[in-house]
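# Architecture at a glance
Chain by chain, the residues run as shown.
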Amino acid sequence: MTMVQDGAVDPRQPLHFACTVCGKCCQNLRLALSVAEAIRWLERGGTVELLCDAAPALPHAPGSAEEYRAMRAVPARSGALPITVSMTLTAVFDGPCPNRMANMYCAAYEDRPNTCRIYPAEVRPDRAIDPAQKLCPSDAWGVDQPLFLDPQDRIMDETTAKAIAASRHNGVEDVAAKGRLLALLDIDTIALANEGFAIWAPDETVMLDALRQSISDMVPAGQGDLRIVSGRAETRAMIREAEARDAEPFEDAPFRYLPLYQ
Ligand code: SF4
Ligand code: SF4
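Residues numbered from 1 in each chain as written. Chains lettered and ligands numbered in written order. Predicted model: local features only at pLDDT ≥ 70, side-chain atom pairs only at ≥ 80, totals over all residues.

### Concerning the overall build of the protein
Definition in use: In this text, helices come from DSSP runs of H or I with a minimum length of four residues, and strands from runs of E with a minimum of two, each type numbered from the N-terminal end. The atom set for the radius of gyration is the C-alpha atoms, and the globule formula is 2.2 Å times the number of residues raised to the power 0.38. Counting other C-beta atoms within 10 Å of its own, a residue is labelled buried from 20 upward, exposed at 12 or fewer, and partly exposed in the gap between, with every C-beta atom placed from the backbone. Note on contacts: residues are paired as contacts if their backbone-placed C-beta atoms lie within 7 Å.
In terms of regular secondary structure, the protein is built from seven helices and 13 strands. Against the globule reference of 18 Å for 262 residues, the protein gives a C-alpha radius of gyration of 20 Å, in line with a compact fold. Overall, the protein is about 55 × 50 × 40 Å in size when its C-alpha atoms are taken along their principal axes. For the protein, buried positions account for 30% of its 262 residues. Within the protein, contacts between residues separated by at least 24 positions form 75% of all contacts whose residues are at least 6 apart in sequence.

### Description of the environment of P82
Along the polypeptide, P82 turns up in strand β7 (residues 81-96). What makes P82 partly exposed here is the crowd of 13 C-beta atoms within 10 Å. If sequence neighbours within four positions are ignored, P82 has contacts with A57 and R77.

### Here we look at the site of ligand 1
In plain terms, the rule: Only the C-beta atom matters for this test: placed from the backbone, it must lie within 6 Å of a molecule or strand for the residue to be near it. The nonpolar class holds Ala, Val, Leu, Ile, Met, Phe, Trp, Tyr, Cys and Pro. Asp, Glu, Lys and Arg form the charged class, and all remaining residues, Gly among them, are polar.
By nearness alone, every residue bordering ligand 1 is listed as C26, C97, N99, R100, C106, A108, R112 and C116. Here the shell around ligand 1 is built from residues that sort into five nonpolar, one polar and two charged.

Below you can see the structure in the form of structure tokens.
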């Protein structure tokens, strides 16, 4: 539910939905994966990249979007500044997903990632489902379809609800393994949250080996004195003022810098 300005509760409209198997959400994607899902994706011959961004480590209001992010981020530092690093493993493919069959069904249906089970719902509790922003055709949202979201904001589809719960749980559980990945992949540079991502994409063998090692308690976590990369001079100056370590995007870096704004 959303609160309107005078404090009254504004109930959302219920949503009806059923997948029409149009296949539009199975192409040109970055699919967020848990550590275990990333291992299985690579074992099936897929490609996985790691998107890293950081925010200052600050206390956050209970239930806020910032707290949700921080609980799923790796504690680290940049120079003298304590930071939290979000490390998002993603399956990457241009064109159709390697698992999408000619009839639009999924060849890995029983083992598809939670992200695939959740779409078109949202995993983050602060994001509402907006059918206008989704790839699903209008008939998928028809009132003759099963109730998907009730007026109390509860997901009524059992598979989707379970996948959301699992994804939120895995995000917290994976923090320790991701801390180890910092060391295992020699990650020394991340981007600033809401400004861009540093994309670490070693070849599949290196990534798979690092992920397998990351789930072992015997592997130490990374030390985490990281540089924060930005293409903006004013952002780099701000990073230095915060006594953190800044970096400019540079050629032949072991990561790609993906700015969110030009
Ligand atoms: S794994 Fe299956 S459900 Fe997920 S994007 Fe690929 S084809 Fe679609
Ligand atoms: S875009 Fe929507 S309707 Fe089409 S396959 Fe994906 S979830 Fe189903």
